Amino acid sequence: MKRLIRGQSFGATIGVVVMLTAFTLIDFSGWWTRQTLSNVAHFTSILGFVAMGQALVIMTREIDLSVGSVYGLAGVAFITLEPTLGVPLSLVAGLCIAALAGFVQAIAVVKGQLPSMIVTLGGLFTARGIIYVWTGGSVHNFSEAARNHPVTRALGGEIFGVEASIFWLVAVAIVLNIFLWATPYGNRLLATGGSRESAESRGVRTDRIKITAFVLCSLLAGFAGILTLCDRPQTHVTLGDLMELEAISAAVIGGCLLTGGRGSLVGAILGAFIVVSFRYELIALGAPSSWFITFVGIVLIVAVIFNRKLARWLGHSV
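The sections below set out a description of the structure shown in this document. (Residues numbered from 1 in each chain as written. Predicted model: local features only at pLDDT ≥ 70, side-chain atom pairs only at ≥ 80, totals over all residues. Heavy atoms only, no water.)

**Here we look at the overall build of the chain**
Applicable threshold: Helix and strand labels come from DSSP, where a helix needs a run of H or I of at least four residues and a strand needs a run of E of at least two; each type is numbered from the N terminus. Throughout, radius of gyration means the C-alpha value; the globule benchmark is 2.2 Å times the number of residues raised to the power 0.38. Accessibility here uses a 1.4 Å probe with only protein chains present; expressed as a share of the type maximum, an area under 20% marks a residue as buried, one over 50% as exposed, and anything in between as partly exposed. In this description, accessible areas are obtained by the Shrake-Rupley approach with a 1.4 Å probe, and a residue is regarded as covered only by the protein chains that are shown. For the purpose of charge, His is not counted, nor are the chain termini; Lys and Arg are scored as positive and Asp and Glu as negative. To locate a charge, the coordinates of NZ of Lys, CZ of Arg, CG of Asp or CD of Glu are taken.
Scanning the chain from terminus to terminus reveals 15 helices and 2 strands. Against the compact-globule benchmark of 20 Å for 318 residues, the chain has a radius of gyration of 19 Å, which places it among compact chains. Counting only C-alpha atoms and orienting by the principal axes, one finds that the chain spans roughly 55 × 50 × 35 Å. Per-residue burial for the chain yields a buried fraction of 51% across its 318 residues. For the chain, the exposed area adds up to about 14700 Å²; of that, 68% sits on carbon and sulfur atoms. With 21 positive and 15 negative side-chain charges, the chain shows a separation of 14 Å between the mean positions of the two kinds.

Encoded structure:
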């Protein structure tokens with residue numbers, strides 16, 4: 001029990017249990033259906049990628065507000081470049097654009113000594129502006145040949161009747177968790193967020209750690225955008241709008257401290273599950289769409305308070 005409580009995703013686990021209990025009591029027949037659970041799992045997998053990337057950045061005591069726009073930019077690049085480059089090369093191009101966005105912002109934060117909130121807020125507007133200028137306000141859809149391409153089907157199809165995006169999320173989450181908890185990089189990343197001065201005194205190159213975290217964050221957001229379009233190859237210029245707020249909320253609900261040095265990728269996925277589930281359940285119950293934003297705000301505040309108190313109880317500095 002003590003090990004469970006010490007886990008960074010403990011709060012998110014409790015949140016999931018409470019949420020599922022409430023949904024079961026309030027709307028058992030509406031919630032526990034194959035269609036509802038399939039949709040929730042699919043969109044959780046998409047938000048889960050973005051939330052994991054956000055969690056990596058938050059662990060370094062930074063934040064990335066541009067992930068929603070990078071998500072949209074990579075997706076739009078993928079679907080716009082496909083007629084010229086084909087599906088595989090447009091996929092690579094979309095990921096390269098996402099990685100470049102993360103790298104440029106990381107350099108501005110690390111080398112320019114600028115606040116990540118300001119830099120990535122500028123990145124949010126810049127990426128969104130590029131989308132509008134590039135597309136002229138409209139984005140074409142995939143051709144039939146592109147939809148049936150093996151790469152598109154591998155990313156957006158189904159495997160044994162389950163959305164492929166879920167398998168991709170599980171695979172990437174396993175790799176990133178091994179990277180975070182079983183390699184020197186993970187230890188250095190947490191040390192960078194916990195105490196940068198202490199980490200540097202032990203030889204950790206914190207600048208490189210932060211740059212890598214920002215690039216990974218943008219890559220995961222870009223990949224999520226491409227996965228979305230492989231599954232539903234119709235888009236618009238507002239793709240990913242406000243997604244950064246949901247990703248930050250999911251990461252914080254999942255146990256990430258905004259002061260850095262503590263977090264969980266599994267918790268970020270659980271946080272994404274909570275955010276997506278409440279959106280679907282509120283819609284199913286006929287609540288106004290504005291209630292969802294209210295919910296996210298309340299849960300975010302509760303999660304911040306809970307995580308800080310839990311960290312202090314476990315002896316972590318916050």
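Next comes the rest of the write-up.
**So, the nonpolar core**
One broad rule of soluble globular proteins: the nonpolar side chains tend to lie buried together. Heads up, the condition is: Nonpolar cores were defined as sets of buried Ala, Val, Leu, Ile, Met, Phe, Trp, Tyr and Cys residues, with membership established by side-chain atoms within 4.5 Å. Contacts are assigned to residue pairs that have any heavy atoms within 4.5 Å of one another.
Ranked by size, the top nonpolar core spans 87 residues in total, and within it Phe49, Val50, Met52, Tyr71, Phe78, Leu189 and Leu265 carry the most contacts. At 14 residues, helix α12 (residues 206-231) tops the list of elements feeding residues into this core. Setting aside its immediate chain neighbours within four residues, Tyr71 contacts Ile46, Val50, Ala221, Ala224, Gly225, Thr228, Leu239, Gly240 and Met243.

**Brief notes about the pattern of salt bridges**
Any two side chains of opposite charge can pair, given that their charged atoms come close. Spelled out, the test is: A side-chain nitrogen of Lys or Arg and a carboxyl oxygen of Asp or Glu constitute a salt bridge if their distance falls within 4 Å.
Tallied over the entire structure, the rule returns 5 salt bridges. When the shortest N-O distance is used, the salt bridge between Glu62 and Lys210 registers 2.7 Å. Of this pair, Glu62 sits in the loop between α3 (34-59) and α4 (67-85) while Lys210 sits in helix α12, and the two are 148 residues apart along the sequence. Just as Glu62 is buried, Lys210 falls in that class too. Of the charged contacts, one joins Glu246 and Arg279 as a salt bridge, the two residues approaching to 2.6 Å between their closest N and O atoms. Separated by 33 residues along the polypeptide, Glu246 in helix α13 (residues 243-253) and Arg279 in helix α14 (residues 265-284) bring together distant segments of the chain. Accessibility expressed as a relative area gives 21% for Arg279, which makes it partly exposed.

**Regarding the environment of Gly48**
Within the secondary structure, Gly48 sits in helix α3. The sequence separation of Gly48 and Phe103 amounts to 55 residues, and the corresponding C-alpha distance is 21 Å. Excluding anything up to four places from it in sequence, Gly48 contacts Leu169 and Ala272.

**Some thoughts on the packing of aromatic side chains**
Test applied: Aromatic contacts are taken between Phe, Tyr and Trp rings whose centres are within 6.5 Å, Trp giving its six-membered ring; a plane angle under 30 degrees counts as stacked, one over 60 as edge-to-face, and the others as tilted.
Per the stated rule, a full pass over the model turns up 7 aromatic pairs. Relative to Trp32, the ring of Trp31 lies with its centre 6.3 Å away and its plane at 80°, an arrangement referred to as edge-to-face. Given the relative accessible area of 0%, Trp31 is considered buried. Every member of this aromatic cluster is reached through a ring pair, and the members are Phe23, Trp31, Trp32 and Phe278.

**Comments concerning the packing of helix α2 (residues 10-31) against α14**
Condition: Axis lines are fitted to C-alpha atoms, over the contacting stretch for helices. Their N-to-C directions set the angle, which ranges from 0 to 180 degrees. When an angle is under 35 degrees it counts as roughly parallel; over 145 it counts as roughly antiparallel; between 65 and 115 it counts as roughly perpendicular; any other value is oblique. Two helices that cross are described as forming a left-handed crossing if the nearer one is turned anticlockwise from the farther one by less than a right angle, and a right-handed crossing if clockwise. Lys, Arg, Asp and Glu make up the charged group, whereas Ala, Val, Leu, Ile, Met, Phe, Trp, Tyr, Cys and Pro make up the nonpolar group; the residues left over, Gly among them, are polar.
Packing of α2 against α14 brings their axes to within 10 Å, and their N-to-C directions diverge by 25°. By the angle class used here, α2 and α14 are roughly parallel. Crossing handedness for the pair α2 and α14: left-handed. Between α2 and α14, the contacting residues are Ala12, Thr13, Gly15, Val16, Met19, Leu20, Phe23, Asp27 and Trp31 on the first element and Gly267, Leu270, Phe273, Ile274, Ser277, Phe278, Glu281 and Ala284 on the second. Residues that form the contact of α2 with α14 fall into these classes: 11 nonpolar, 4 polar and 2 charged.

**Description of the environment of Val70**
With respect to the element layout, Val70 can be found in helix α4. Taking the C-alpha atoms as reference points, Val70 and Gly225, separated by 155 residues in sequence, lie 8.3 Å from one another. The contact partners of Val70, leaving out residues within four places of it in the chain, are Ala98, Ala101, Ala127, Ser218, Ala221 and Gly222.

**Comments concerning a nonpolar patch on the surface**
For clarity, the threshold we go by: Each patch is built from residues that are more than 30% exposed by relative accessible area and take part in no salt bridge. Like charges join if they lie within 9 Å; nonpolar side chains (Val, Leu, Ile, Met, Phe, Trp, Tyr) join within 5 Å.
Where nonpolar side chains cluster on the molecular surface, the patch consists of Ile159, Phe160, Val162 and Phe167 and spans about 410 Å² of accessible area. Checked against the element boundaries, Phe167 lands in helix α9 (residues 164-181). On the accessibility criterion, Phe167 (38% relative accessible area) is partly exposed.

**Regarding unusual backbone geometry**
Of note, Arg61 is a non-glycine position whose phi angle comes to about 70°, a positive value. Assignment of secondary structure puts Arg61 in the loop between α3 and α4. Positioned with a positive phi, Leu242 is a non-glycine residue whose angle comes to about 70°. Tracing the chain through its elements places Leu242 in the loop between α12 and α13.

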